[in-house]
Amino acid sequence: MKLFKSLILLFIVFITVSCSTNDDDSVTNPNADDGEMVASVNSTNFASSDATTTAAVISGVLNLAGVNSNGDTIAISVNNFDSEGTFDLSESSTAARAIYLPSGDTTFYLSINEGGEGSITVTDLNAGDNLISGNFSFIGVRENTSDPDNPFMETIEITAGVFTNVTITGLE
C-alpha cells in the first residue's frame, strides 16, 4: 500500500512539472545550476530547468522530480524523510525508489524492480531557505512487452545525477 501511495505521489509530481518546458538539454557542467536536476541517462544528457524540477515532503515522504524538454521524467521518493543522508534505491529497499519515464511511454523503469539498484544522497537540506541539494544514480528495470509472446526485462542506467538548491515545500 505504501508503494502504491508513493507511486501516486510521484505521478502527481510528474503531472505538476510536465506542463513546463526547457529547450536546453545540454549538460556542459556536471553540477546543476540552482533549481535544476542533471544526469546522464544511458550516456545521454538529461537536464531539467528550475521550472520543471520540484521537491516536496508530503506526509513524511520526499518526492523529487525533474522533467527535461523532451518530456522524459526522473522521479525519486524517500519514505520517512527528515534529514540529510544517503538512501538506498535498490530492489531490497522498502523506504526509497526511483523511476525514469521516457516521454510517450506508459511503462517506467523502476529501481526497486529485480536487478535495480542505486542511491540518493541529500547533501544539503536548508530548512530556512526551503532548498535541497544532492546527488543520485540508479539502474531502473522494466518489462518490455513489445512482443507479447516474448517479454523481457530491460534496464536503463542513470548516472552522475545532481540536483542543486531545488525549492522544497512541506518541510516542518
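Predicted model only: the values in this text are computed from it and were never measured.

Some words on the environment of Thr86
For Thr86, the location among the structural elements is in strand S5 (residues 85-88). The exposed category is assigned to Thr86, whose relative accessible area is 54%. Each C-alpha atom of the pair Thr86 and Asn135 lies 9.4 Å from the other, and the pair is 49 residues apart in sequence. Not counting the four nearest positions on each side in its chain, Thr86 is found in contact with Ser119, Ile120 and Thr121. Within the structure, Thr86 has its side chain in polar contact with the side chain of Thr121 (distance 3.0 Å).

Here we look at the nonpolar core
Counting residues in hydrophobic clusters, the biggest one holds 29 residues, and the most contacted among them are Ile74, Phe81, Ile120, Ile132, Phe136 and Ile158. Breaking this core down by element, the ones donating at least two residues are strand S1 (36-41), strand S2 (44-58), strand S3 (61-68), strand S4 (73-78), strand S6 (96-101), strand S8 (117-126), strand S9 (131-144) and strand S10 (152-169). Take this core: its biggest share by element is five residues, from S10. With residues near it in sequence (within four places) discarded, Ile120 still touches Leu64, Ile76, Val78, Gly85, Thr86, Phe87, Leu89, Asn135, Phe136 and Phe163. Core analysis: the next-biggest nonpolar cluster, separate from the first, contains five residues, Ala65, Ala75, Ile99 and Ile112 among them.

Some details on the side chain of Asn79
Within the secondary structure, Asn79 is located in the loop between S4 and S5. For Asn79, a relative accessible area of 10% puts it in the buried group.

Quick word on the pairing of S9
Here is the key point about a regular strand: its side chains alternate between the two faces of the sheet. One ladder, built from nine bridges, connects S8 with S9; its direction is antiparallel. Note that in S9 the partner of Ser119 across the bridge is Ser137. Bridging between S9 and S10 involves twelve bridges; their strand directions are antiparallel. Counterpart to Leu131 in the pairing with S10 is Thr167.

Details of unusual backbone geometry
Of note in the backbone geometry, Asn42 takes a positive phi value of approximately 45° without being a glycine. The residue Asn42 is located in the loop between S1 and S2 in this model.

Side note on a negative patch on the surface
On the surface, Glu91, Glu114, Glu117 and Glu157 cluster together to form a negatively charged patch. Mapped onto the secondary structure, Glu114 falls in the loop between strand S7 (109-110) and S8. On the basis of relative accessibility, which here comes to 68%, the residue Glu114 falls in the exposed class.

The rules behind each value
Residues numbered from 1 in each chain as written. Predicted model: local features only at pLDDT ≥ 70, side-chain atom pairs only at ≥ 80, totals over all residues. Heavy atoms only, no water. Helix = DSSP H or I, 4+ residues; strand = E, 2+ residues; numbered from the N terminus. Buried < 20%, exposed > 50% of the residue type's maximum accessible area, 1.4 Å probe, protein only. Contact = heavy atoms within 4.5 Å. Polar contact = N/O pair within 3.5 Å; in protein donor to acceptor, adjacent residues only side chain to side chain. Core = buried A, V, L, I, M, F, W, Y, C linked by side-chain atoms within 4.5 Å. Pairing = 2+ DSSP bridges. Patch = residues over 30% accessible without salt bridge, like charges linked within 9 Å, V, L, I, M, F, W, Y side chains within 5 Å. Areas by Shrake-Rupley, 256 points an atom, 1.4 Å probe, with all protein chains shown as cover. Salt bridge = Lys/Arg side-chain N within 4 Å of Asp/Glu carboxyl O. Lys, Arg positive; Asp, Glu negative; His and termini not counted. Charge placed at Lys NZ, Arg CZ, Asp CG, Glu CD.

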